[in-house]
Amino acid sequence: MKKCITIVLFFLFATISVAAERPNIILIMSDDMGYSDLGCYGGEIVTPRLDQLAAGGVRFTQFYNTARCCPTRASLLTGLHPHQAGMGHMTGANHKEPGYRGDLLPNTVTIAEALKQVNYRTYCIGKWHVTNQTDPNRSIHNWPLQRGFDRYYGLITGAANYFDPFRLIRNNKAVSPFADSEYTPQGEYYLTRALSDNAVKFIHDHKNQTSDQPFFMYVAYTAAHWPMHAPEESVAEYYGKYDAGYKNIRQTRYKRLRELGVIPEHWELSPQAEDWEQVENKKWEARCMEVYAAMISEMDRGIGQIVDSLRETGQDKNTVILFLQDNGACAENVGRTENPALIERPEKPAFEPIANDVVDPNLTHRTRNGYPIRRGKNVMPGPGDTFIAYGRGWANVSNTPYREYKHWVHEGGISTPLIVYSPSRISASMRGQFYREPGQLVDLMTTCLDLAGAVYPKQYNGNDITPSEGTSLVPAFSGQPLQRRKPLVWEHEGNRAIRDGKWKLVAKGSQGAWELYDIEADRSELHDLATQYSERVESLAKQWNDWAVRANVLPWPWNTKNADSNDNIVPDKTIGLKLELDFTKNEKTITDISGKKNIIFVQGNPEFITQDGFSARYFDGTAYLDIEKSPALHCAKTPWSAEAVIRTEQTDGVILAYGGSRHGYSLFLKSGKPNFAVRIDGKVFNVTVDNSVANKISTALKGVITPEKKAELYVDNKKVASISLPDFIVENPAESLQVGTDLGGNVNGLALPVFKGWIEHIEIKRLNP
């Protein structure tokens, strides 16, 4: 009997001892996945390693992100709402307002910086995407090593070719994936595998070199963000899996979600976004989802490697692992709507090969071994010479049962699984169970500090630090209630929401009407109660507005405060962009309409240059330039004009393009004839004229969207064609303005060559409504 008591006490004290140590913490995040993609959250995608973590840990059913890549990462890293960290939108431009700098603010502290105060080693793997300074030869003040991490391997930017990623960084240095002295892959290079392999290496190195310290590791996979790339042997696991189409898979997931207990029986399934019977090429559409699923399975295998490495090094029992997703599934049509120049890969390369040791070559239109990048309808995704997203139909499936997608703050845009696994810190009664209190990204910083016994600093590096907004999730590990005292709040691109208890107030766009939902009864947001409970709407709207002022959400960096009765934004007519260009000279100038700002670009210098909120980048020195987003380019819900003065003998080519496959506009030549294309919610409206302008000494082309919602084309200041539009462009494009080309998401749906004539002048400006 004494022997049994001794054994029991030994194991009891051993468990208490492990729990008393400061734990290792691994925070894993995936990219652009939906709520029901994982097997343990109702999906058919094979994710056994994450399912195992869920079976031994806790699954949160109401955890929230902030609807988009950059804002989510900034919030996760700092424990603040995105705008408080300077990341109210994306990293593309500095909008000057404190909440929209596109760069982490100096009055923030990252989890890594906070944990280093209590002697943690800190490692970062994967997608960073919280700085607009991405050139290693320029300022790197907001790179991982400058924000508290000891080692880093991954993408400093937001997306890349999985087989040959651009801006791949090891610590502070750009590296070629094929000439990295610290990593040689087994077989072909594939980014998801490389991230997992390097995470495993960091864990083994930590055990061998610094095992007397706990560690924090942030692993930010790019899977399953477009482009849809995966090794063919992984895609083969899903051949035929999605041939039945959207409805069949959604219904199966919906049933499985209720069977597992992830959602209650009474929550309804949101409307289906696309009709499978209307899909022209079902084989292509099914292939998109096959590759997407393969990307997730590749990530799952990598997570399994990370867990195995903890066990191999004896660090598993004192490690807390958290897994979540950065936003809802992505409905962007990148690479899906163009009419492709090539559907099949050509037999021979079209370009000279680039050596393996070349760092960051321009691979936007070609691969390193010389094959052209293929985009558009019927181009089968998967290989590294394709660039395609999986589309709205499948994003709707991924977000089962909720409404909307990435960008929006309805449930489909912000709901994420959260799995927490820890052998020593999850109580036995909670293992394999669900936790149903809501939580948000700001809670992760507070949770990590609570686990580590660290204190959120009031000052850091001489800066007063914005107080943390989060609540510790540690009570959830034993099934206890959280001590939350504030409502949950969101804003992105004018999409707004606040949730207090069971009530959620949400709106689309800065001018959209508030909708009110009882989330306990209707998390699918199908029954708007705003009219029935107008006083509650007023109360929650005031709370949201008070928070928005406090948290740097307002003022918005674009002019949205004045609107007419038709909900059209009244523009500031002084805002615009003017370019003086001549590809035969060595200098280019960009100014605003008032002439107050200008940037000089030196030909043949492929780098980012940023000044006064504008930034630009050269490719190939003389062919075209790509101007990143700026407030001057905002074209949503307003009339505007874009004018270009050109000289050319060329009959086909893009003169300028702003936007992509969802929203935007383009001026271009086709068979020598000028064209003005406007894309609204994925549909192209094109204005053209019969007369060719090729071989003319100088031609002024202008596209106008009028206050009457017409698209007009002018040649040499004479209106030559006009069509009616269903609306203004409803959202500012996510893509950059491009001059001389249209890469990435294609506005006009055509495969046109680079413009190689002379562009003497471009002027873009807003018009009076």
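Residues numbered from 1 in each chain as written. Predicted model: local features only at pLDDT ≥ 70, side-chain atom pairs only at ≥ 80, totals over all residues. Heavy atoms only, no water.

**Focus: the overall build of the protein chain**
Phase 1 of the analysis: On a plain count of helices and strands, the protein chain comes out with 12 helices and 33 strands.
Phase 2 of the analysis: Per-residue burial for the protein chain yields a buried fraction of 62% across its 769 residues.
Phase 3 of the analysis: Put simply, 71% of the contacts in the protein chain that link residues at least 6 apart link residues at least 24 apart.
Phase 4 of the analysis: Accessible surface, the protein chain as shown: approximately 28500 Å² in total, 49% of it carbon and sulfur. (Helix = DSSP H or I, 4+ residues; strand = E, 2+ residues; numbered from the N terminus. Buried < 20%, exposed > 50% of the residue type's maximum accessible area, 1.4 Å probe, protein only. Contact = heavy atoms within 4.5 Å. Areas by Shrake-Rupley, 256 points an atom, 1.4 Å probe, with all protein chains shown as cover.)

**Brief notes about the side chain of serine 234**
Phase 1 of the analysis: With respect to the helices and strands, serine 234 occurs in helix α6 (residues 232-235).
Phase 2 of the analysis: Residue class for serine 234 comes out buried when judged on its relative accessible area of 2%.
Phase 3 of the analysis: Among residues more than four places away in sequence, those in contact with serine 234 are Arg193, Ala294, Glu298 and Arg301.

**Examining the environment of aspartate 464**
Phase 1 of the analysis: Inspection of the secondary structure puts aspartate 464 in strand β13 (residues 463-464).
Phase 2 of the analysis: For the pair aspartate 464 and threonine 108, spaced 356 residues apart in the sequence, the C-alpha separation amounts to 8.3 Å.
Phase 3 of the analysis: The residues contacting aspartate 464, other than those within four sequence positions of it, are Asn107, Lys458 and Gln459.

**Let's talk about the packing of aromatic side chains**
Phase 1 of the analysis: Evaluation of the coordinates by the stated rule reveals 28 aromatic pairs.
Phase 2 of the analysis: Seen from their ring centres, tyrosine 64 and tryptophan 490 are 5.0 Å apart, and the 75° between their planes marks the pair as edge-to-face. Linking tyrosine 64 in strand β2 (residues 58-64) with tryptophan 490 in strand β14 (residues 488-492), this pair joins segments that are 426 residues apart in sequence. Tryptophan 490 shares its class with tyrosine 64; the two are buried. (Phe/Tyr/Trp six-rings, centres within 6.5 Å; stacked < 30°, edge-to-face > 60°.)

**Focus on the environment of glycine 376**
Phase 1 of the analysis: Checked against the element boundaries, glycine 376 lands in the loop between β8 (319-325) and α9 (391-398).
Phase 2 of the analysis: The buried category is assigned to glycine 376, whose relative accessible area is 0%.
Phase 3 of the analysis: Residues glycine 376 and leucine 750, 374 residues apart in the sequence, show an inter-C-alpha distance of 9.1 Å.
Phase 4 of the analysis: Setting aside its immediate chain neighbours within four residues, glycine 376 contacts Trp284, Gly335, Arg336, Glu338, Pro340 and Ile388.

**Re the sheet that holds strand β17 (residues 515-518)**
Phase 1 of the analysis: Here we have 4 strands laid out as an open sheet, ordered β14-β15-β16-β17, and antiparallel in their pairing. The sheet is open, and its two edges are formed by β14 and β17, each paired on a single side. Taking the axes of each pair of neighbouring strands and ignoring which way they run, one obtains an average angle of 10° across the sheet.
Phase 2 of the analysis: In this structure, β14 lies alongside strand β15 (residues 495-500), joined through 5 bridges in antiparallel fashion. By the bridge assignment for β15, histidine 492 is matched with asparagine 495. (Pairing = 2+ DSSP bridges. Axes fitted to C-alpha atoms, helices over the stretch in contact; angles between N-to-C directions.)

**A look at the pattern of salt bridges**
Phase 1 of the analysis: Per the counting criterion, the structure on display carries 41 salt bridges.
Phase 2 of the analysis: The closest approach of N and O atoms between arginine 167 and aspartate 360, which form a salt bridge, is 2.4 Å. Here arginine 167, found in the loop between β4 (151-155) and β5 (168-170), pairs with aspartate 360, found in the loop between β8 and α9; they are 193 residues apart in sequence, far enough to count as distant. Side by side, arginine 167 and aspartate 360 carry an identical accessibility label, which is buried.
Phase 3 of the analysis: The residue lysine 406 makes a salt bridge to glutamate 332 at a minimum N-O spacing of 3.8 Å. Of this pair, lysine 406 sits in the loop between α9 and α10 (411-414) while glutamate 332 sits in the loop between β8 and α9; the two residues are 74 residues apart in sequence, bridging distant segments of the chain.
Phase 4 of the analysis: Overlapping salt bridges, with partners in common, bring together Arg193, Glu233, Glu237, Glu298 and Arg301 in one network. (Salt bridge = Lys/Arg side-chain N within 4 Å of Asp/Glu carboxyl O.)

**So, the pairing of strand β3 (residues 121-126)**
Phase 1 of the analysis: Among the 6 residues that make up β3, 5 are buried, leaving the element largely enclosed by the rest of the structure.
Phase 2 of the analysis: Sheet analysis places β3 next to strand β7 (residues 215-220), joined by 6 bridges and oriented parallel. Within the sheet, the bridge partner assigned to tyrosine 123 lies in β7 and is methionine 217.
Phase 3 of the analysis: Taken together, the 3 bridges between β3 and β4 define a ladder with parallel strand orientation. Of the residues in β4, the one forming a bridge with cysteine 124 is tyrosine 152.

**Some details on the packing of helix α5 (residues 191-209) against helix α8 (residues 282-312)**
Phase 1 of the analysis: Interhelical geometry of α5 versus α8 gives an angle of 10° and a closest axis separation of 9 Å. When the axis of α5 is compared with that of α8, the two are roughly parallel. Between α5 and α8, the contacting residues are Thr192, Arg193, Ser196, Asp197, Ala199, Val200, Ile203 and His204 on the first element and Glu298, Met299, Gly302, Gln305, Ile306, Ser309, Leu310 and Glu312 on the second.
Phase 2 of the analysis: Of the residues contributing to the contact of α5 with α8, the split by class is 6 nonpolar, 6 polar and 4 charged. (Parallel < 35°, antiparallel > 145°, perpendicular 65-115°, else oblique. Nonpolar A, V, L, I, M, F, W, Y, C, P; charged D, E, K, R; others polar.)

**A look at the environment of asparagine 137**
Phase 1 of the analysis: When you line up the elements, asparagine 137 lands in the loop between β3 and β4.
Phase 2 of the analysis: A C-alpha to C-alpha distance of 8.8 Å links asparagine 137 and lysine 173, two positions 36 residues apart in sequence.

**A few points about the confidence of the model for the protein chain**
Phase 1 of the analysis: Put simply, the protein chain has an average pLDDT of 86, and 84% of its residues get 70 or more.
Phase 2 of the analysis: Contacts for the low-pLDDT stretch residues 1-19, under 50 throughout, to residues beyond four places or in other chains number 6 contacts.
Phase 3 of the analysis: For the stretch residues 559-631, pLDDT sits under 50, and the model shows 207 contacts to residues farther than four places along the chain or on other chains. (pLDDT = per-residue confidence, 0-100.)

**Observations regarding the side chain of histidine 206**
Phase 1 of the analysis: Relative to the assigned elements, histidine 206 resides in helix α5.
Phase 2 of the analysis: Histidine 206 gets classed as buried once you look at its relative accessible area, which sits at 2%.
Phase 3 of the analysis: Those residues in contact with histidine 206, other than ones at most four positions away along the chain, are Arg121, Tyr123, Ser211, Gln213, Pro214, Phe215 and Gln315.

**Points about unusual backbone geometry**
Phase 1 of the analysis: In the segment running from alanine 223 into alanine 224, the intervening peptide bond is cis, with an omega of 10°.
Phase 2 of the analysis: Looking at where alanine 224 falls in the secondary structure, it is placed in the loop between β7 and α6.
Phase 3 of the analysis: Residue proline 401 is reached from threonine 400 by a cis peptide bond, and omega for that bond is 10°.
Phase 4 of the analysis: Locating proline 401 in the fold gives a position in the loop between α9 and α10.
Phase 5 of the analysis: Non-glycine residue arginine 167 carries a positive phi angle of around 55°.

**Here's the deal with α9**
Phase 1 of the analysis: Here α9 lies mainly inside the structure; 7 of its 8 residues are buried.
Phase 2 of the analysis: For α9, the full list of buried residues reads Gly391, Gly393, Trp394, Ala395, Asn396, Val397 and Ser398.

**Details of the pairing of strand β24 (residues 640-647)**
Phase 1 of the analysis: The element β24 is extensively covered by neighbouring structure, given that 7 of its 8 residues are classed as buried.
Phase 2 of the analysis: Pairing of β24 with strand β29 (residues 699-705), which is carried by 7 bridges, proceeds in the antiparallel orientation. Each bridged residue has a counterpart across the sheet, and for alanine 644 the counterpart in β29 is leucine 701.

**Quick look at the packing of helix α7 (residues 246-260) against α9**
Phase 1 of the analysis: Two elements in contact, α7 and α9, have axes separated by 9 Å at closest approach and are oriented at 15°. Here α7 lies roughly parallel to α9, going by the angle between them. Considering the relative orientation of α7 and α9, their crossing is right-handed. Contacts from Tyr246, Ile249, Arg250 and Arg253 of α7 reach α9 at Gly393, Trp394, Asn396, Val397 and Ser398.
Phase 2 of the analysis: Among the residues making up the contact of α7 with α9, the classes are represented as 4 nonpolar, 3 polar and 2 charged. (Left-handed = near helix turned anticlockwise from the far one by under 90°.)

**A word on α5**
Phase 1 of the analysis: In this model α5 runs 26 Å from its N-terminal to its C-terminal C-alpha over 19 residues, within 8% of the 27 Å that 1.5 Å per residue would give.
Phase 2 of the analysis: Among the residues making up α5, those that are buried are Leu191, Thr192, Ala194, Leu195, Ser196, Asn198, Ala199, Val200, Phe202, Ile203, Asp205 and His206. (Expected span 1.5 Å × (residues − 1).)

**What to know about the state of the cysteines**
Phase 1 of the analysis: This structure, assessed with the given rule, holds 0 disulfides.
Phase 2 of the analysis: There is no disulfide at cysteine 69, and the cysteine sulfur nearest it, in cysteine 70, is 6.0 Å away. (Disulfide = S-S within 2.5 Å.)

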